[in-house]
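Fold and contact review
As a plain string of letters, each chain reads:
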Amino acid sequence: ITKSGNGDKFQYIEKILADIIQEKTCKDRHITLEPRLEDLFAHNIIRHIDIDPETNQEQLYVIPSWMEESVFDCPSATEGELVFTCIPKCPIDVHIDKHRNIHVLVSYHVFDLGRRDENDMVDVEICPGYSVSLKIANLYLRKVQTIVFTRRGIPRGNMKDVFDTSNISDVIVHVSLDMSGDKG
(Lines give C-alpha, C1' and ligand atoms only; values in the text may rest on other atoms or scores of the structure.)
Protein backbone atom coordinates (compact mmCIF):
# COMPACT_ATOMS: atom_id res chain seq x y z
CA ILE A 1 0.00 0.00 0.00
CA THR A 2 1.45 3.30 -1.05
CA LYS A 3 0.63 6.47 0.82
CA SER A 4 1.71 9.93 -0.30
CA GLY A 5 3.29 12.30 2.21
CA ASN A 6 4.50 11.66 5.75
CA GLY A 7 1.19 12.77 7.30
CA ASP A 8 -0.70 10.07 5.43
CA LYS A 9 1.85 7.43 6.44
CA PHE A 10 1.59 8.45 10.07
CA GLN A 11 -2.23 8.32 10.01
CA TYR A 12 -2.12 4.93 8.30
CA ILE A 13 0.28 3.47 10.90
CA GLU A 14 -1.76 5.06 13.71
CA LYS A 15 -4.93 3.41 12.35
CA ILE A 16 -3.23 -0.01 12.13
CA LEU A 17 -1.96 0.30 15.72
CA ALA A 18 -5.39 1.38 16.97
CA ASP A 19 -6.97 -1.65 15.26
CA ILE A 20 -4.39 -4.01 16.80
CA ILE A 21 -4.93 -2.55 20.28
CA GLN A 22 -8.72 -2.75 19.87
CA GLU A 23 -8.51 -6.38 18.75
CA LYS A 24 -6.18 -7.33 21.62
CA THR A 25 -8.17 -5.56 24.36
CA CYS A 26 -11.78 -5.93 23.19
CA LYS A 27 -12.33 -8.94 25.45
CA ASP A 28 -10.63 -7.43 28.49
CA ARG A 29 -12.71 -6.89 31.61
CA HIS A 30 -12.07 -3.85 33.79
CA ILE A 31 -12.80 -3.59 37.50
CA THR A 32 -12.27 -0.38 39.46
CA LEU A 33 -11.42 -0.71 43.15
CA GLU A 34 -11.49 2.21 45.59
CA PRO A 35 -9.18 1.44 48.52
CA ARG A 36 -9.07 3.85 51.43
CA LEU A 37 -5.93 5.98 51.65
CA GLU A 38 -5.09 4.30 54.96
CA ASP A 39 -5.01 0.95 53.09
CA LEU A 40 -2.19 2.31 50.92
CA PHE A 41 -0.26 3.62 53.93
CA ALA A 42 -0.66 0.22 55.66
CA HIS A 43 0.44 -1.66 52.49
CA ASN A 44 -2.82 -3.60 52.57
CA ILE A 45 -3.66 -6.24 50.00
CA ILE A 46 -7.14 -6.39 48.46
CA ARG A 47 -8.70 -9.83 48.09
CA HIS A 48 -11.21 -9.80 45.25
CA ILE A 49 -13.35 -12.77 44.26
CA ASP A 50 -14.53 -12.73 40.67
CA ILE A 51 -16.90 -15.16 38.98
CA ASP A 52 -15.80 -16.45 35.60
CA PRO A 53 -18.73 -15.71 33.26
CA GLU A 54 -18.15 -18.87 31.20
CA THR A 55 -17.53 -21.49 33.89
CA ASN A 56 -19.38 -19.73 36.74
CA GLN A 57 -16.46 -20.62 39.01
CA GLU A 58 -15.03 -18.28 41.64
CA GLN A 59 -11.48 -17.01 41.20
CA LEU A 60 -9.56 -15.22 43.95
CA TYR A 61 -7.36 -12.28 42.94
CA VAL A 62 -4.85 -10.65 45.28
CA ILE A 63 -4.27 -7.00 44.42
CA PRO A 64 -1.80 -4.63 46.10
CA SER A 65 -3.83 -1.54 47.07
CA TRP A 66 -0.94 0.77 46.13
CA MET A 67 -0.66 -0.46 42.52
CA GLU A 68 -2.53 1.80 40.12
CA GLU A 69 -3.22 -1.09 37.78
CA SER A 70 -2.93 -4.86 38.10
CA VAL A 71 -3.49 -7.15 35.10
CA PHE A 72 -4.32 -10.87 35.21
CA ASP A 73 -4.99 -13.42 32.50
CA CYS A 74 -8.61 -14.52 32.60
CA PRO A 75 -9.08 -18.25 33.25
CA SER A 76 -11.45 -18.61 30.27
CA ALA A 77 -9.78 -19.23 26.96
CA THR A 78 -12.19 -16.88 25.17
CA GLU A 79 -11.63 -13.92 27.49
CA GLY A 80 -8.84 -11.40 27.41
CA GLU A 81 -7.29 -9.97 30.55
CA LEU A 82 -8.82 -8.89 33.83
CA VAL A 83 -7.63 -5.36 34.62
CA PHE A 84 -7.96 -3.97 38.14
CA THR A 85 -7.58 -0.21 38.54
CA CYS A 86 -7.12 1.14 42.08
CA ILE A 87 -8.37 4.68 42.63
CA PRO A 88 -7.82 5.55 46.31
CA LYS A 89 -10.45 7.49 48.22
CA CYS A 90 -8.77 10.64 49.56
CA PRO A 91 -10.04 13.32 51.92
CA ILE A 92 -10.99 16.56 50.18
CA ASP A 93 -7.73 18.33 51.12
CA VAL A 94 -5.48 15.43 50.04
CA HIS A 95 -4.49 14.22 46.59
CA ILE A 96 -1.96 11.84 45.00
CA ASP A 97 0.19 13.09 42.11
CA LYS A 98 1.49 11.05 39.16
CA HIS A 99 4.64 10.16 41.15
CA ARG A 100 2.46 8.79 44.00
CA ASN A 101 3.43 11.65 46.33
CA ILE A 102 0.75 12.66 48.82
CA HIS A 103 -0.17 16.36 48.79
CA VAL A 104 -1.95 17.81 51.81
CA LEU A 105 -3.44 21.31 51.94
CA VAL A 106 -3.61 22.97 55.37
CA SER A 107 -4.44 26.48 56.48
CA TYR A 108 -3.71 28.25 59.76
CA HIS A 109 -4.23 31.73 61.08
CA VAL A 110 -0.90 33.32 61.99
CA PHE A 111 -2.31 34.57 65.33
CA ASP A 112 -3.31 31.02 66.36
CA LEU A 113 0.22 29.76 65.73
CA GLY A 114 1.78 32.86 67.32
CA ARG A 115 0.04 32.15 70.63
CA ARG A 116 1.75 28.77 70.90
CA ASP A 117 5.29 27.96 72.00
CA GLU A 118 7.73 27.84 69.08
CA ASN A 119 8.70 24.26 70.00
CA ASP A 120 5.09 23.08 69.77
CA MET A 121 4.16 20.67 67.01
CA VAL A 122 1.10 20.93 64.79
CA ASP A 123 -0.26 17.56 63.65
CA VAL A 124 -1.42 17.37 60.05
CA GLU A 125 -3.78 14.44 59.56
CA ILE A 126 -3.47 12.84 56.13
CA CYS A 127 -6.09 10.18 56.78
CA PRO A 128 -7.29 8.30 59.89
CA GLY A 129 -4.25 6.89 61.68
CA TYR A 130 -1.63 8.71 59.55
CA SER A 131 -0.27 12.19 60.18
CA VAL A 132 2.89 14.27 60.03
CA SER A 133 3.95 16.93 62.53
CA LEU A 134 5.08 20.45 61.75
CA LYS A 135 7.25 22.25 64.26
CA ILE A 136 5.97 25.81 64.61
CA ALA A 137 9.54 27.16 64.76
CA ASN A 138 10.16 25.72 61.27
CA LEU A 139 7.31 27.65 59.68
CA TYR A 140 8.11 30.93 57.94
CA LEU A 141 5.98 34.03 58.11
CA ARG A 142 4.82 33.58 54.50
CA LYS A 143 1.36 33.25 53.08
CA VAL A 144 2.22 30.02 51.26
CA GLN A 145 4.97 27.48 51.89
CA THR A 146 5.67 23.85 51.14
CA ILE A 147 7.18 21.31 53.51
CA VAL A 148 8.32 17.92 52.22
CA PHE A 149 8.43 14.81 54.40
CA THR A 150 10.70 12.49 52.43
CA ARG A 151 9.72 8.80 52.20
CA ARG A 152 6.71 9.21 54.51
CA GLY A 153 4.02 8.46 51.89
CA ILE A 154 2.74 5.35 50.17
CA PRO A 155 4.55 2.67 48.15
CA ARG A 156 5.34 3.43 44.55
CA GLY A 157 4.44 0.55 42.28
CA ASN A 158 7.19 -1.78 41.09
CA MET A 159 6.26 -3.63 37.88
CA LYS A 160 8.99 -6.24 38.45
CA ASP A 161 7.76 -7.09 41.96
CA VAL A 162 4.24 -5.81 42.64
CA PHE A 163 4.46 -6.68 46.34
CA ASP A 164 7.66 -4.64 46.86
CA THR A 165 6.91 -1.75 49.22
CA SER A 166 10.46 -0.44 49.66
CA ASN A 167 10.14 2.60 47.36
CA ILE A 168 8.06 5.03 49.41
CA SER A 169 6.75 8.34 48.11
CA ASP A 170 6.89 11.71 49.86
CA VAL A 171 4.27 13.63 51.81
CA ILE A 172 4.14 17.24 50.66
CA VAL A 173 2.33 19.66 52.95
CA HIS A 174 1.18 22.93 51.40
CA VAL A 175 0.73 25.43 54.24
CA SER A 176 -1.33 28.60 53.85
CA LEU A 177 -1.05 31.23 56.55
CA ASP A 178 -3.86 33.72 56.97
CA MET A 179 -2.17 36.95 57.98
CA SER A 180 -5.27 39.11 58.13
CA GLY A 181 -5.96 40.97 61.33
CA ASP A 182 -9.42 39.43 61.68
CA LYS A 183 -8.42 37.20 64.60
CA GLY A 184 -7.09 38.50 67.79
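None of these values were measured; they are calculated from a predicted model.

What follows concerns the sheet that holds strand S1 (residues 29-33). Strand order in the open sheet formed by 3 strands is S1-S5-S4, with mixed pairing between adjacent strands. Strands with a single pairing partner mark the edges of an open sheet, and in this sheet they are S1 and strand S4 (69-73). The mean inter-strand angle of the sheet, taken between neighbouring strand axes irrespective of direction, is 20°. Note that S4 and strand S5 (residues 81-86) share 5 bridges and pair antiparallel. Opposite Asp73, over in S5, you have Glu81 as the bridge partner.

When you line up the elements, Ser169 lands in the loop between strand S10 (144-149) and strand S11 (171-178). Relative accessible area serves as the criterion here: at 0%, Ser169 is assigned to the buried category. A polar contact is formed between the side chain of Ser169 and the backbone oxygen of Arg100, at a distance of 2.6 Å. Those residues in contact with Ser169, other than ones at most four positions away along the chain, are His99, Arg100, Asn101, Ile102, Arg151, Arg152, Gly153, Ile154 and Arg156.

Backbone hydrogen bonds hold the strands of a sheet together, and the pairing may be parallel or antiparallel. One open sheet accounts for 4 strands, arranged S6-S7-S11-S10; its pairing is mixed. Single-partner strands in this sheet number two, and they are strand S6 (94-96) and S10. Pairwise comparison of adjacent strand axes, ignoring direction, gives a mean angle of 25° for this sheet. Strand direction decides the pairing type here: strand S7 (residues 102-109) and S11, joined by 8 bridges, are parallel. Counterpart to Val106 in the pairing with S11 is Val175.

On to the pairing of strand S9 (residues 130-135). Both faces of the sheet carry side chains from a regular strand, because those side chains alternate between them. The pairing of strand S8 (residues 121-127) with S9 spans 6 bridges and is classified as antiparallel. Along S9, the bridge assignment pairs Met121 with Lys135. From the end of S8 to the start of S9, which pair antiparallel, there are 2 residues, and Gly129 there has a positive phi angle of about 90°.

A separate point is the packing of aromatic side chains. Within this structure, the stated rule accounts for 4 aromatic pairs. Ring centres of Phe41 and Tyr130 lie 4.7 Å apart, and the angle between their planes is 20°; on these two criteria the pair is classed as stacked. Placement of the pair is Phe41 in helix H2 (residues 37-41) and Tyr130 in strand S9, with a sequence separation of 89 residues. Since its relative accessible area comes to 27%, Tyr130 is described here as partly exposed. Arranged with centres 5.0 Å apart and planes meeting at 65°, the rings of Tyr61 and Phe72 form a pair that is edge-to-face. With Tyr61 in strand S3 (residues 58-64) and Phe72 in strand S4, the pair connects residues that are 11 residues apart, well separated along the chain. Here Phe72 falls in the partly exposed class, since its relative accessible area comes to 24%. Between Arg142 and the ring centre of Tyr140, over which it is positioned, the NZ or CZ distance is 4.5 Å.

Cut-offs and rules
- Residues numbered from 1 in each chain as written.
- Predicted model: local features only at pLDDT ≥ 70, side-chain atom pairs only at ≥ 80, totals over all residues.
- Heavy atoms only, no water.
- Pairing = 2+ DSSP bridges.
- Helix = DSSP H or I, 4+ residues; strand = E, 2+ residues; numbered from the N terminus.
- Axes fitted to C-alpha atoms, helices over the stretch in contact; angles between N-to-C directions.
- Buried < 20%, exposed > 50% of the residue type's maximum accessible area, 1.4 Å probe, protein only.
- Polar contact = N/O pair within 3.5 Å; in protein donor to acceptor, adjacent residues only side chain to side chain.
- Contact = heavy atoms within 4.5 Å.
- Phe/Tyr/Trp six-rings, centres within 6.5 Å; stacked < 30°, edge-to-face > 60°.
- Lys NZ or Arg CZ within 6 Å of the ring centre and 35° of its normal.

Remember, this is a structural readout, not a statement about activity or role.
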